[in-house]
Amino acid sequence: MSTIFTKIIEREIPANIVYENDKVLAFKDINPQAPIHILVVPKKEIPTVNDIKAEDRELIGEMYLAIGEITKELGVQEEGYRVITNCNQYGGQEVFHLHFHIMAGEPLGPMRA
Ligand code: 5GP
């Protein structure tokens, strides 16, 4: 089932897009949890990490390469950043279209406070 991220990919609703190629789109999170909070999504609809298939191997690589380009452009590679993917209920996933959160711009501390 399509989500709001497909609407963003298809430009049916607006988003602050920071990166795009033929397979991947990245845009600012609407409710940022860090000074820099970007979502990296595949244009292909994959609901969760559980749904990644062997055929998606290259696509997942493309997503990490996009993270590299975005963080380089932002100038945060040396100071560092966090990349997170939530999966299903216990992971706190709200949008069922695979995405990586890039969080940066301040010390993020341990994963569990
Ligand atoms: P999840 O909890 O599924 O890992 O994260 C979903 C993220 O998508 C949340 O951080 C939320 O703020 C963000 N989000 C939800 N709806 C929209 C939207 O319409 N536009 C943007 N830019 N971000 C959204």
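Report on the accompanying structure. (Residues numbered from 1 in each chain as written. Predicted model: local features only at pLDDT ≥ 70, side-chain atom pairs only at ≥ 80, totals over all residues.)

**Looking at unusual backbone geometry**
Okay, step 1: Positioned with a positive phi, arginine 11 is a non-glycine residue whose angle comes to about 60°.
Okay, step 2: Tracing the sequence through the fold places arginine 11 in the loop between α1 (4-9) and β1 (17-20).
Okay, step 3: Positive phi is not limited to glycine here, since asparagine 88 has a value of about 55°.
Okay, step 4: Within the secondary structure layout, asparagine 88 lies in helix α3 (residues 88-91). (Helix = DSSP H or I, 4+ residues; strand = E, 2+ residues; numbered from the N terminus.)

**Notes on the site of the ligand**
Okay, step 1: Near the ligand, the surroundings consist of 13 residues, among which Ile30, Asn31, Asn86, Glu94 and Val95 are the closest.
Okay, step 2: Tallied by class, residues from the shell around the ligand come to 6 nonpolar, 4 polar and 3 charged. (Near = placed C-beta within 6 Å. Nonpolar A, V, L, I, M, F, W, Y, C, P; charged D, E, K, R; others polar.)

**Remarks on the sheet that holds strand β2 (residues 24-28)**
Okay, step 1: Read across the open sheet, the 5 strands follow the order β1-β2-β3-β5-β4; overall the sheet is antiparallel. The sheet is open, and its two edges are formed by β1 and β4 (81-84), each paired on a single side. The mean inter-strand angle of the sheet, taken between neighbouring strand axes irrespective of direction, is 20°.
Okay, step 2: The pairing of β2 with strand β3 (residues 36-42) spans 5 bridges and is antiparallel. Each bridged residue has a counterpart across the sheet, and for leucine 25 the counterpart in β3 is valine 41. (Pairing = 2+ DSSP bridges. Axes fitted to C-alpha atoms, helices over the stretch in contact; angles between N-to-C directions.)

**A word on the pairing of β3**
Okay, step 1: Among the 7 residues that make up β3, 5 are buried, leaving the element largely enclosed by the rest of the structure.
Okay, step 2: With 5 bridges connecting them, β3 and strand β5 (residues 100-104) associate as antiparallel partners. Bridge pairing in β5 places histidine 37 opposite methionine 103. (Buried ≥ 20, exposed ≤ 12 C-beta atoms within 10 Å, placed from the backbone.)

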